[in-house]
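Fold and geometry: a report
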Amino acid sequence: MQPFGTLSSLFRKSPVGDRVILELDLDFSVLSAAPANPLEALKLVNAPTMKALREGLRQAASDESVLGLLVHIGTCQLTAAQCCELADMLAGFGEHKPVWAHTESFGEFGTALLPYVLAAHTDQIWVQPTAMGCIEGIELSMTLFKGLLKKVGVEPQFGQRHEYKTAANTY
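Residues numbered from 1 in each chain as written. Predicted model: local features only at pLDDT ≥ 70, side-chain atom pairs only at ≥ 80, totals over all residues. Heavy atoms only, no water.

Brief notes about the overall build of the protein chain
When you go through the protein chain residue by residue, the secondary structure sums to 6 helices and 5 strands. In the protein chain, which comprises 171 residues, the share counted as buried stands at 33%. If you take every contact in the protein chain between residues at least 6 apart in sequence, the share linking residues at least 24 apart comes to 71%. Carbon and sulfur atoms make up 56% of the accessible area of the protein chain, which amounts to about 11,300 Å² in all. (Helix = DSSP H or I, 4+ residues; strand = E, 2+ residues; numbered from the N terminus. Buried < 20%, exposed > 50% of the residue type's maximum accessible area, 1.4 Å probe, protein only. Contact = heavy atoms within 4.5 Å. Areas by Shrake-Rupley, 256 points an atom, 1.4 Å probe, with all protein chains shown as cover.)

What follows is the structure, encoded as structure tokens:
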């Protein structure tokens with residue numbers, strides 16, 4: 001087997017004969033930048049960086065001993081930008097080798113839109129048979145007080161500096 005260099009610190013390797021399937025666990029965060037303080041660094045001690053993942057996946061895509069990539073989505077503590085970037089990396093890796101995703105559930109403790117978008121960029125998604133699926137969209141809401149103010153007899157007066165300022169729209 002060839003040494004993986006940065007791959008050995010990013011991925012767990014499951015041997016299949018003299019070849020391997022790489023495993024990426026997203027239950028932990030992925031770093032976009034170095035931690036700001038020592039406490040944060042301790043919490044993220046095993047978290048890979050986006051740069052290291054990008055280079056590792058590029059290297060693994062051309063490595064003959066790598067059969068594919070298995071991604072554990074889990075709780076997926078990634079931001080929207082990280083999910084989009086990692087999804088593009090998985091799709092790029094998937095052009096060369098198979099990529100599979102597995103998770104216990106989608107959205108058991110909240111919405112799973114971002115983890116599902118990430119998993120959708122793989123060849124197959126495996127979910128527990130008893131899993132919960134809560135894939136909700138993005139929501140935008142605005143509370144309007146004009147009716148309330150009219151009922152109590154108050155007429156607000158606002159001045160707007162530019163047309164893009166929307167602070168007065170609530171009232």
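Considering the nonpolar core
Core analysis: the largest hydrophobic core is formed by 28 residues, its most contacted members being L26, L69, I73, L86 and L118. Elements with a contribution of two residues or more to this core: strand 2 (19-25), helix 3 (50-61), strand 3 (66-72), helix 4 (80-94), strand 4 (99-103) and helix 5 (113-119). If one sorts the elements of this core by residue count, helix 4 sits on top with 6 residues. (Core = buried A, V, L, I, M, F, W, Y, C linked by side-chain atoms within 4.5 Å.)

Some points on the side chain of T122
Structurally, the position occupied by T122 is in the loop between helix 5 and strand 5 (124-127). A distance of 3.1 Å separates a polar side-chain atom of T122 from the backbone oxygen of Q124. If we ignore the near neighbours within four places in the chain, the residues touching T122 are L90, V99, W100 and A101. (Polar contact = N/O pair within 3.5 Å; in protein donor to acceptor, adjacent residues only side chain to side chain.)

Some thoughts on the packing of aromatic side chains
Evaluated as defined, the whole model comprises 1 aromatic pair. Taking the centre distance of 6.5 Å and the plane angle of 15 degrees together, the rings of W100 and W126 count as stacked. In this pair, W100 sits in strand 4 while W126 sits in strand 5, placing the two residues 26 residues apart along the sequence. For W126, a relative accessible area of 43% puts it in the partly exposed group. (Phe/Tyr/Trp six-rings, centres within 6.5 Å; stacked < 30°, edge-to-face > 60°.)

What about a nonpolar patch on the surface?
Judged by side-chain polarity, F145, L148, V152 and V154 come together as a nonpolar surface patch covering roughly 350 Å² of accessible area. Here L148 lies in helix 6 (residues 146-151). (Patch = residues over 30% accessible without salt bridge, like charges linked within 9 Å, V, L, I, M, F, W, Y side chains within 5 Å. Salt bridge = Lys/Arg side-chain N within 4 Å of Asp/Glu carboxyl O.)

Considering the confidence of the model for the protein chain
Summary statistics for the protein chain give a mean pLDDT of 77 and a share of 70% for residues scoring 70 or more. When pLDDT is averaged over each element of the protein chain, helix 4 comes out on top at 90 and helix 1 (residues 7-10) at the bottom at 52. In this model, residues 1-7 is a region of pLDDT below 50 whose contacts with residues beyond four sequence positions or in other chains number 15 contacts. (pLDDT = per-residue confidence, 0-100.)

Describing helix 3
The first and last C-alpha atoms of helix 3 sit 16 Å apart over 12 residues, in line with the 16 Å expected at 1.5 Å per residue. Listed in full, the buried residues belonging to helix 3 are M50, L53, G56, L57, A60 and A61. The buried residues of helix 3 occupy one face: seen down the axis, they fall within an arc of 130 degrees. Exposed side chains of helix 3 directed beyond 90 degrees from the buried face belong to K51 and R58. (Expected span 1.5 Å × (residues − 1). Arc of directions from axis to C-beta.)

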